[in-house]
Amino acid sequence: MRMENGEPEKVAPASFSSANPAKKKIDKLIASKVHNDPAFAELMDYVSPIVSDIDIHTERRLMRKLEQRELELNKEYLKEFEKVNEHVQKFSDKVTAMHKICADLTDQIQQNKEKTQDLLNKTSALQNRKKVLELKQKTIDDFLAKFSLTEAEEKALDGNADGRVSSDFFPALDRAHSIYEQSKQLLRTCANHSAAMGVMEEMSKKMEAAYDVLYRSIQRECRVLSTEMVEVKGVIAESFAALKDRQILLKYALDDYANARKNNAMRAFSDILTRGAGGGKPLEVLSHDPLRYTGDMLAWIYECIGSEKDLLLLLLSKCPPEMIREHEQRVLASISAQLARTFKVRVEQTLTGEHESTLLYKLVSILAFYATKIEPIVGADSDLVQTIDELQQLTLNIFFSGLNQTVHKILTKVRYLPDPESGPGDE
């Protein structure tokens, strides 16, 4: 029991004697001044509910109760520890099972590793082979990129749906020619290079097909060719320039062009003769005047040939100069050949029955003048120049024939005139 100041109340039962052991212990405790000890105070708080009466057996009862309390606590501890042990045992069983599973997995992995070792070796070999094949593939791709045409270039070489070529045709043709020359050079360095030989054959076929497409395109263009179209469609000039390596095709193409222009020039000549041009009168109304009629026809022919020359030079503007010089006169001679025949017929008709020497001499001079003007353009061997020379010679023959007749008549008259020095008796 405690007093209000916190000190234990001093109780001395009457039955206690001075020889009581409990009293001695209590006195000893009082003398030790443990009332200020927190641990002792806490101990007393714990013991006081247990001790109800204090007597000689109090200590024994207290010890018994404390032992019982300790036993109960130990039982509770043991019970809780059994639960912990049970959990630990379960965990141990799980760890053991897991260890067994890991051991089994390790064994399986080892077995699989042994089984797949050959597969790993094959995989490594395949990877190395893959690298080699990728390198070969890159080499092949580079070779094909250098020695083959793209899809767009292939399409350009095939021409348009209407059979004509576009401006993309010519770079593609140059590309094919370049590949052909490169493969030829490669074949020279390595005679047994089968790929280079195959590329050469393929490019040769493609170029032949492309030149055929180009030639047919030129044929179509020539059918409707005029000066304005050449200026607008520069692809025609490029087409002729592209044929510089195919002289036979170039000759055929220029012949087609000459035929188209020949017909165009002939129609224009017929119109100027029969219908006139620009509101003027037809030249045939002057057929009664051989000098003017012939001079106007030659003037128109000379102007027409000059226009055709300008058109041809424009058409061949992208060709080498030597190629232009080689074909210029031949093409212009072909264009003017039809004009020569018509001109010859008309002049021969005007010369029929014409015997005036002065007029004939003037005609010879006109024919000689235009022959010297036209010959440098179409050449001395052209039909037109040959026709003019023939007409000039014909006119000269008529002139000399008429002149001979006139002189013969004069000489005939002079022969029958009387001699002024002779007298009448001399006769």
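Refer to the preceding data block for the structure.
Now for a quick tour of the structure. All values reported here derive from a predicted model rather than from experimental measurement.

1. Quick word on the overall build of the protein chain
Inference 1: Looking only at helices and strands, the protein chain features 13 helices and 0 strands.
Inference 2: Taken from N to C terminus, the helices and strands of the protein chain fall in the order α-α-α-α-α-α-α-α-α-α-α-α-α.
Inference 3: When the accessible surface of the protein chain is split by element, carbon and sulfur atoms take 56% of a total near 28700 Å².

2. Side note on the pattern of salt bridges
If charged atoms from side chains of opposite charge come close, those side chains can pair.
Inference 1: Inspection of every chain in the model, using the stated rule, returns 21 salt bridges.
Inference 2: With a shortest N-O distance of 3.6 Å, D162 and R164 are connected by a salt bridge.
Inference 3: Take D162: its relative accessible area is 42%, and that puts it in the partly exposed class.
Inference 4: What makes R164 partly exposed here is its relative accessible area of 23%.
Inference 5: One salt bridge in this structure joins K251 and D255, with 3.3 Å as the shortest N-O distance. With a gap of 4 residues between them, K251 and D255 both fall in helix α9 (residues 247–274), about one helical turn apart.
Inference 6: Residue classification places K251 among the partly exposed positions, given a relative accessible area of 38%.
Inference 7: Taking relative accessible area as the criterion, D255 reaches 22% and is therefore assigned partly exposed.
Inference 8: Here the salt bridges share partners, and the residues they tie into one network are E154, E202 and K206.

3. Describing a nonpolar patch on the surface
Inference 1: Taken together, the side chains of Y77, F81, V84 and V88 define a hydrophobic patch exposed on the protein surface, amounting to about 410 Å² of accessible area.
Inference 2: Looking at the element boundaries, V84 is found in helix α3 (residues 58–147).

What counts and what doesn't
- Residues numbered from 1 in each chain as written.
- Predicted model: local features only at pLDDT ≥ 70, side-chain atom pairs only at ≥ 80, totals over all residues.
- Heavy atoms only, no water.
- Helix = DSSP H or I, 4+ residues; strand = E, 2+ residues; numbered from the N terminus.
- Areas by Shrake-Rupley, 256 points an atom, 1.4 Å probe, with all protein chains shown as cover.
- Salt bridge = Lys/Arg side-chain N within 4 Å of Asp/Glu carboxyl O.
- Buried < 20%, exposed > 50% of the residue type's maximum accessible area, 1.4 Å probe, protein only.
- Patch = residues over 30% accessible without salt bridge, like charges linked within 9 Å, V, L, I, M, F, W, Y side chains within 5 Å.

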